[in-house]
Amino acid sequence: KAEYVRLVAHHRMTAAIHDQIESFIEGFYDLVPPELITIFSPTELELLVCGLPDIDLADLKANTEYHQYRLTDPQIVWFWDALHSYTREEKALFLQFVTGTSKVPLEGFSHLEGMRGVQRFSIHRASGQGQQSLPTAHTCFNQVSLRISSTCHVPHNQH
């Protein structure tokens, strides 16, 4: 099953649109020589082409779903405090991490697209125990999973 899904995805994402991709690349390289852009990662190139977005954290927060968390849980308060302390570039990199793109939807975060169409940003409590306590992202679902160890204590920053 996994091999079938991989082959179908490969066909739809590459083989089926090969001619269009080649035409796009040819036109793009007419404008920008390949040697000038190969030094950039895909994320860096996107930021270079699109610029840094203005990320409205109030809009993102208003359009966030919580799974096994409440808005008032300490981990969520720390999460939003941390995001508010980020620079504009760090916010763009965060958005890239959780959604796969640093672009803000034109209509705001209520129109954030995921694998299933409009799909709000969500924060999930990661299940299970383990050494890994860093957040993980699932870009197809606009989801970040937080695993907070029992020994983790971050003091709440009083503003």
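Look up a bit, the structure's there.
As the structure is a prediction and not an experimental result, all values here were calculated from the model.

Enquirer: It is not clear to me how a negative patch on the surface should be interpreted in this structure. Could you clarify?
Expert: Negative charge collects at one region of the surface, where Asp19, Glu22, Glu26 and Asp30 lie side by side. Note on placement: Glu26 falls in helix α2 (residues 18-31).

Enquirer: Whenever I open this one, unusual backbone geometry confuses me. Can you help?
Expert: The phi dihedral of Gln68 is positive, around 65°, even though this residue is not glycine. Although it is not a glycine, Asn142 sits at a positive phi angle of roughly 55°. The residue Asn142 is located in the loop between β5 (136-138) and β6 (143-146) in this model. Judged by relative accessible area, which is 0%, Asn142 ranks as buried.

Enquirer: Before we go on, may I ask you to explain the pairing of β6 in this structure?
Expert: Along any regular strand the residues' side chains alternate between the sheet's two faces. Side chains of β6 alternate between two faces, with Gln143 and Ser145 and Val144 and Leu146 buried alike. Here strand β4 (residues 121-125) pairs with β6 via 4 bridges, running parallel. If you follow Ile123 over to β6, its bridge partner there is Val144. One ladder, built from 3 bridges, connects β5 with β6; its direction is antiparallel. Considered in β6, the bridge of Ala137 is made with Val144. In this structure, the hairpin formed by β5 and β6 is closed by a connection of 4 residues, where Asn142 is found at a positive phi of approximately 55°.

About the criteria used
- Residues numbered from 1 in each chain as written.
- Predicted model: local features only at pLDDT ≥ 70, side-chain atom pairs only at ≥ 80, totals over all residues.
- Heavy atoms only, no water.
- Patch = residues over 30% accessible without salt bridge, like charges linked within 9 Å, V, L, I, M, F, W, Y side chains within 5 Å.
- Areas by Shrake-Rupley, 256 points an atom, 1.4 Å probe, with all protein chains shown as cover.
- Salt bridge = Lys/Arg side-chain N within 4 Å of Asp/Glu carboxyl O.
- Lys, Arg positive; Asp, Glu negative; His and termini not counted.
- Charge placed at Lys NZ, Arg CZ, Asp CG, Glu CD.
- Helix = DSSP H or I, 4+ residues; strand = E, 2+ residues; numbered from the N terminus.
- Buried < 20%, exposed > 50% of the residue type's maximum accessible area, 1.4 Å probe, protein only.
- Pairing = 2+ DSSP bridges.

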